Amino acid sequence: MELDHLSIKRMIEIIRFSISSLFWMSLWFFGLVVLISFCLRWWPGDQLRNVRLLNYIMPWLLIGLVPALIIAGLSGRNRLAATLFAPIILIILNYLPLFLNCTKDVNFNGRPLKVMSYNVWRENRNISAVAEVIKKEHPDILLLQEINKGRIQILIEELKTLYSDGKPHLAYAPQMLQAVVSRYPMTPLEASLHKGRAQEVRLATPFGPITVINIHAYKFGWLRRHQQMTALLGEDVATAKNPVILGGDFNTSDQSQTYRLVDRYLKNAHWDAGCGFGFTFPSSSSRLKRQFSIPPLIRIDHIFYSSQFIPRNARTLNPGSLFWKA
């Protein structure tokens, strides 16, 4: 009996030791993977799947990193604490400008221009609700993605009283299910499936012509998306003679290699005049198995602009559309 008792006690100690070892190994693995992935963002970059994943979920990693740091610190495991502390600081410093913008005061003497981007979602049949969101914000320029011909006709009818000076002007690209709606007359220029599904128009505004590009980049295949965005920037944005607004559903986060590429040519409305993370996907109307609402978790929709504009404010609307005022 005494031998059996000692054996059980020894077995319990082994199990405890194994669980403890596994726990600390897991924290080490988590901290090292995040830290190494953060370093690899600069080379080789988004070629690595773990880097692409990090770019999407970066702010959410704090939910795991901060408690792990506290546990490591209280346990006196200083090396582990340092390993966990490094990515926490990198993430905080990375997103800090978005929270400093919340108190930013912009002096503005020019003529205001309101731009809105809205992925309607092709399965969304409640066009009246979409119209209500749009009419509430009263945008001068509206970029729509995932809207078929029948629904754009219904939406335009809903928006016919949006502008007191006349019916909204419409440019529709049926092959891409994208549309640009504007207060101002416009001329369609190009609708290219091979440049990130880019719909390009030229607006005739009272303060001069503006080139507007409505994007709905491919969801899968980061390299294909990156190459197409490179072509768009080099062939259309860099050579544009007019001020440029580039917006829509980029299907990439603001930490990605593709985003940094666009950022070399244009400024981002949310980073310059927004507040907080501004997550846009999934929209608040999305439901898991049609029962549970899924809150926005990542930011994949963006509005960029050329240096001729001065941003006043930018925000994410419910359900997941973007609004920018310059």
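Quick caveat, the model's predicted, so the values are computed rather than measured.

> So what exactly am I meant to see when it comes to the state of the cysteines here?
Covalent bonding between the sulfur atoms of two cysteines is what defines a disulfide. Within the structure shown, the criterion is met by one disulfide. Sulfur-sulfur distance for the disulfide between C102 and C275 comes to 1.8 Å. Judged by the sign of its S-S torsion, about 85°, the cystine formed by C102 and C275 is right-handed. Here the residue C102 occupies a position in the loop between α4 (78-100) and β1 (114-119), and C275 occupies one in the loop between α9 (269-273) and β10 (287-288), the gap between them amounting to 173 residues. Here C102 falls in the partly exposed class, since its relative accessible area comes to 37%. Residue C275 is classed as partly exposed on the basis of its relative accessible area of 43%.

> Which parts of the structure should I look at to understand the pairing of strand β2 (residues 141-145)?
A regular strand places its side chains on the two faces of the sheet in alternate fashion. β2 sits mainly inside the fold: five of its five residues count as buried. Side chains I141, L143 and Q145 of β2 all project onto a buried face; the interleaved residues L142 and L144 project onto the opposite face, where all are buried too. With five bridges joining them, β1 and β2 adopt parallel strand pairing. Each bridged residue has a counterpart across the sheet, and for M116 the counterpart in β2 is L142. Between the parallel pair β1 and β2, the chain is carried across by helix α5 (residues 127-137), and the sense of this crossover is right-handed. Where β2 lies against strand β4 (residues 178-182), five bridges are found, and the strand directions are antiparallel. What sits directly across from I141, in β4, is S182.

> Got a minute to help me understand the nonpolar core in this structure?
It is characteristic of soluble globular proteins that their nonpolar side chains tend to be buried jointly. With 34 residues, the main nonpolar core has I215 and L246 as its most contacted residues. Only α1 (2-40), α3 (62-74), α4, β7 (208-216), α7 (222-237), β8 (244-249) and α8 (257-263) provide two or more residues apiece to this core. By residue number, the principal contributor to this core is α4, which donates seven residues. Counting 22 residues, the second largest nonpolar core, distinct from the first, contains M186, I210, A273 and I303.

About the thresholds
Residue positions are given per chain, counted from 1 along the sequence in the order it is written. Local features in a predicted model are, by the rule used here, given only for residues with pLDDT of at least 70; side-chain atom pairs are given and counted only at 80 or more, and totals for whole chains, interfaces and linings are based on all residues. Hydrogens and waters are ignored; side-chain quantities use all the structure's heavy atoms. Here, two cysteine sulfur atoms that lie within 2.5 Å of each other are counted as a disulfide. Put simply, DSSP marks the helices as runs of H or I at least four residues long and the strands as runs of E at least two long, and each gets a number from the N terminus on. Only protein chains enter the calculation, and the probe is 1.4 Å; a residue is then buried if its accessible area is under 20% of its type maximum, exposed if over 50%, and partly exposed in between. DSSP bridges decide pairing: two strands pair if at least two such bridges lie between them. Orienting the strands away from the viewer, one traces the path from the first strand over the helix to the second; a clockwise path indicates a right-handed crossover. By nonpolar core is meant a set of buried Ala, Val, Leu, Ile, Met, Phe, Trp, Tyr and Cys residues that side-chain atoms within 4.5 Å join together.

Function cannot be inferred from these measures alone, as they are strictly geometric.
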